[in-house]
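# Coordinate inspection notes
Listed here are the chains, written in short residue letters.
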Amino acid sequence: IGVPSVQAPFAPPFVVFIAPTSGPAATSIVFSGTNLNGWLGTVVIDDQTVLNAQRLTGNTFSASVPATTLPGFYNIQVEISNLFRSMFLFEVTA
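On a predicted model such as this, the values are computed, not experimentally measured, just so you know.

### Remarks on the overall build of the protein
- In terms of helices and strands, the protein carries zero helices and eight strands.
- Secondary structure elements of the protein occur, N-terminal to C-terminal, as β-β-β-β-β-β-β-β.
- In terms of C-alpha radius of gyration, the protein reaches 16 Å, well past the compact-globule figure of 12 Å for 94 residues.
- Each principal axis of the C-alpha distribution contributes one length, and for the protein these read about 65 × 20 × 20 Å.
- Out of the 94 residues belonging to the protein, those deemed buried represent 33%.
- The contacts in the protein between residues at least 6 apart in sequence include a share of 49% that link residues at least 24 apart.
- Accessible surface, the protein: about 5800 Å² in total, of which carbon and sulfur atoms supply 56%.

Below, the structure is given as structure tokens:
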């Protein structure tokens, strides 16, 4: 009927940090992590989707803060193919 096999462990994607953590509107933010290559990345800033299910290559990707964002603190939600989701804080400066 078949012989069971042992597969290599699943390596889930993780976003570890963002840079920079503050800047003016329209700042490009770089997201860095592990096991991101090939997965779909989505980034939402202040309820605005700025990266929508983009196929990732490598372990870094970027998204820009909308140019119309007012100064203040904003949550950035990062999702990788429904396998990883996290929030980061970004300060938009004047």
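### Overview of unusual backbone geometry
- Cis geometry is adopted by the peptide bond preceding P20, which originates at A19 and carries an omega value of -5°.
- Position of P20 relative to the elements: it lies in the loop between β1 (14-19) and β2 (22-23).
- Within the chain, A53 stands out as a residue other than glycine whose phi angle is a positive 50°.
- Position of A53 relative to the elements: it lies in strand β5 (residues 48-55).
- Notably, N82 is not glycine yet its phi reads approximately 60°, a positive angle.
- Considering the arrangement of structural elements, one finds N82 in the loop between β7 (72-80) and β8 (84-92).

### Remarks on the pattern of salt bridges
- Counted under the stated rule, the structure contains one salt bridge.
- Between E79 and R85 there is a salt bridge whose closest N-O contact spans 2.8 Å.
- Overall, the relative accessible area of 15% leaves E79 in the buried class.

### Notes on the packing of aromatic side chains
- In total, this model carries three aromatic pairs according to the counting rule given.
- A ring pair is formed by F31 and F61, whose centres lie 5.0 Å apart and whose planes are at 15°; its orientation type is stacked. On the criterion of sequence distance, the pair formed by F31 in strand β3 (residues 28-34) and F61 in strand β6 (residues 60-64) is long-range, its members being 30 residues apart. Across this residue pair, the class does not change: F31 and F61 are buried.

### A look at a nonpolar patch on the surface
- A contiguous nonpolar patch, built from F14, V16 and F17 and spanning about 300 Å² of accessible area, is present on the exposed surface.
- Checked against the element boundaries, F17 lands in strand β1.
- Since its relative accessible area comes to 46%, F17 is described here as partly exposed.

### Notes on the nonpolar core
- Counting residues in hydrophobic clusters, the biggest one holds 20 residues, and the most contacted among them are V15, F31, V43, F61, I76 and V78.
- Those elements giving two or more residues to this core turn out to be β1, β3, β4 (40-45), β6, β7 and β8.

### Quick look at the environment of V92
- Position of V92 among the secondary structure elements: in strand β8.
- Classification of V92 by relative accessible area gives buried; the value is 3%.
- Along the backbone, V92 and P66 are 26 residues apart, and their C-alpha atoms lie at a distance of 10 Å.
- Ignoring anything within four residues of it in the chain, the contact list for V92 reads G23, P24, A25, V65, T69, L70, P71, G72 and Y74.

About the cut-offs
Residues numbered from 1 in each chain as written. Predicted model: local features only at pLDDT ≥ 70, side-chain atom pairs only at ≥ 80, totals over all residues. Heavy atoms only, no water. Helix = DSSP H or I, 4+ residues; strand = E, 2+ residues; numbered from the N terminus. Rg over C-alpha atoms; globule rule 2.2 N^0.38 Å. Buried < 20%, exposed > 50% of the residue type's maximum accessible area, 1.4 Å probe, protein only. Contact = heavy atoms within 4.5 Å. Areas by Shrake-Rupley, 256 points an atom, 1.4 Å probe, with all protein chains shown as cover. Salt bridge = Lys/Arg side-chain N within 4 Å of Asp/Glu carboxyl O. Phe/Tyr/Trp six-rings, centres within 6.5 Å; stacked < 30°, edge-to-face > 60°. Patch = residues over 30% accessible without salt bridge, like charges linked within 9 Å, V, L, I, M, F, W, Y side chains within 5 Å. Core = buried A, V, L, I, M, F, W, Y, C linked by side-chain atoms within 4.5 Å.

Functional significance is not addressed by these values, which are geometric in nature.
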